[in-house]
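# Commentary on secondary and tertiary structure
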Amino acid sequence: MTAAPVTADPVAAATSRRIAWVPTAALLAGALYCLLPVAWVVVASTKSGRELFSTFTFLPGTGFTGNLADLSAYRDGVYWRWMLNSLFYAGFGALLSTAVSALSGYALATYRFRGRETLFNVLLAGVLMPPVILAVPQYLLMAKADMADSYLSVLLPLILSPYGVYLARIYAAAAVPRDVVEAGRMDGGGEWRIFRSVALPMMVPGLVTVFLFQFVAVWNNFLLPYIMLGDDRKFPVTLGLYTLLQQGSNTPALYTLVITGALLAVLPLIALFLVIQRFWSLDLLSGAVKS
C-alpha cells in the first residue's frame, strides 16, 4: 500500500517566496543608499564648472581632464601634498596602532594578572567614548608638550585604539591555543620569541582587520586634524577639501576641484580593501590547508 503524495500548500509557498524577497529588497535599498552619492561624485567629477550647474545630475560631462589638471595646479599641487599627508597619517598610524593592539590583546588574552578585567573594561569604556569629547583634552596635552600643529599631534593620539585592542584580545583568545604557548615555554622560548614566532602568525587575519579599520578611521578623520593643525601644508585630504569647500562659497569654480578631489580620495580606500580582501582569502585558504 503506497502513501499518497504530499502536495505543498500553494498559498504557503507563495507567502514564503514573498518573505524571502524582503531581506533582498532591504539589502538592495541599503546598497542604493550607499552607492548613490558615490555615483553622483563619479559623474559630477567629469563636468566642467559650467556643466555642473546646467546639465542633468547623472549626465556625464566633458571636463574631467581639465578638472584634474586644475586640481594638480592649484597652489602648486597642494592637493597631492594633502594626499601624501593622509597616507602618512593613515598608513603609519594604522601600522603603529595595529602593533600596539597586537601586543595588548595578546597580553590580555594570555596572561593572568590582578586587575586584568578592570583594565579591559576601561578599554571597552574607551570604545563608547565619542571622539569629540577627547579631541579638546588631547589638544591641550599636545599644546602643553609644545607639539601642537605638528605631524605628531595628529599621529600620537591615534596609536592606542580601544576597539583594536578589543578585537585583538578576542582573536588572540580564539586563535592562539594556550597549549601551544605552554609548549613554547617548555622548549625554552622567551615570551617575546613566543609572541613573535608562534602567536603573531596565528593572529595575522585578525590584525589585518584591525589595520583596515584603523586605516579607514584615520583616513576619514576630520575633527582631530581640524583642532590640532593650523598649517595647511600639514592638512590631510579631508581637512584640505573642507577648506576648498569653504572657499567655494566665494569662488564657485572651486566646487569642481572639491568634487574631483573627493573622487580621488576614495580610490586608495577601494584599492586597500581589494588588496586586503585578497589577503584574507589567501590566509584563510592556507589555514585550511595547514589544518
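To be clear, the structure that these remarks concern was listed above.
Residue indices follow the written sequence of each chain, beginning from 1 at its first position. Where totals are concerned, whole chains, interfaces and linings use all residues; where local detail is concerned, this predicted model gives features only for residues with pLDDT of at least 70, and gives and counts side-chain atom pairs only at 80 or more. Only hydrogens and water are removed before side-chain values are computed, so all heavy atoms of the structure are retained for them.

Attention now moves to the packing of aromatic side chains. Centre distance and the angle of the planes are the two values used to describe a pair of aromatic rings. Two rings from Phe, Tyr or Trp (for Trp, the six-membered ring) form a pair when their centres are within 6.5 Å of each other. A pair whose planes differ by under 30 degrees is stacked, one over 60 is edge-to-face, and the rest are tilted. Scanning the entire structure with this criterion turns up 17 aromatic pairs. Ring geometry for Phe-211 and Phe-215: centres 6.0 Å apart, planes at 35°, overall tilted. Remark: Phe-215 and Phe-211 occur in helix α10 (residues 191–219); sequence separation between them is four residues, near one turn of the helix. Buried residues are those whose accessible area, probed at 1.4 Å on protein chains only, stays under 20% of the maximum for their type, while exposed residues exceed 50% and partly exposed ones sit between those limits. Residue class for Phe-215 comes out buried when judged on its relative accessible area of 7%. With a centroid separation of 5.9 Å and an interplanar angle of 15°, the aromatic rings of Phe-215 and Trp-219 are classed as stacked. With Phe-215 and Trp-219 both in helix α10 and four residues apart, the pair spans about one turn of that helix. For the residue pair Phe-215 and Trp-219, the accessibility class agrees, reading buried in each case. Through a chain of ring-to-ring contacts, the aromatic side chains of Phe-88, Tyr-89, Phe-92 and Tyr-151 assemble into a single cluster. Throughout this description, the term charge over a ring refers to an Arg CZ or Lys NZ atom that lies within 6 Å of the ring centre and within 35 degrees of the ring normal. Sitting over the ring of Phe-120, Arg-169 keeps its end group 4.2 Å from the ring centre. In this description a helix means any DSSP run of H or I spanning at least four residues, a strand means any run of E spanning at least two, and both kinds are numbered starting from the N terminus.

Glancing now at a nonpolar patch on the surface. Surface patches are drawn from residues lacking salt bridges whose relative accessible area is over 30%; two like charges belong together within 9 Å, two nonpolar side chains (Val, Leu, Ile, Met, Phe, Trp, Tyr) within 5 Å. Throughout, the Shrake-Rupley method with a 1.4 Å probe supplies accessible areas, and for residues the shown protein chains are the sole cover considered. Every case where a carboxyl oxygen of Asp or Glu lies within 4 Å of a side-chain nitrogen of Lys or Arg is listed as a salt bridge. A cluster of nonpolar residues, Leu-32, Leu-36, Trp-40, Phe-56, Phe-58 and Leu-59, forms a patch on the protein surface that exposes about 610 Å² of accessible area. Within the secondary structure, Leu-36 sits in helix α1 (residues 10–44). With relative accessibility at 42%, the residue Leu-36 sits in the partly exposed group.

This part covers the pattern of salt bridges. Following the criterion strictly, the structure yields five salt bridges and no others. Between Arg-75 and Asp-232 there is a salt bridge, and its shortest N-O distance comes to 2.6 Å. Here Asp-232 lies in the loop between α11 (223–228) and α12 (237–248) and Arg-75 lies in the loop between α3 (64–73) and α4 (78–110), a separation of 157 residues in the sequence. Accessibility expressed as a relative area gives 21% for Asp-232, which makes it partly exposed. Residues Arg-169 and Glu-117 are paired through a salt bridge, measuring 3.2 Å at the closest nitrogen-oxygen approach. Here Arg-169 is found in helix α8 (residues 162–175), whereas its partner Glu-117 is found in helix α5 (residues 116–128), with 52 residues between them in sequence. Its relative accessible area of 11% is what places Arg-169 among the buried residues.

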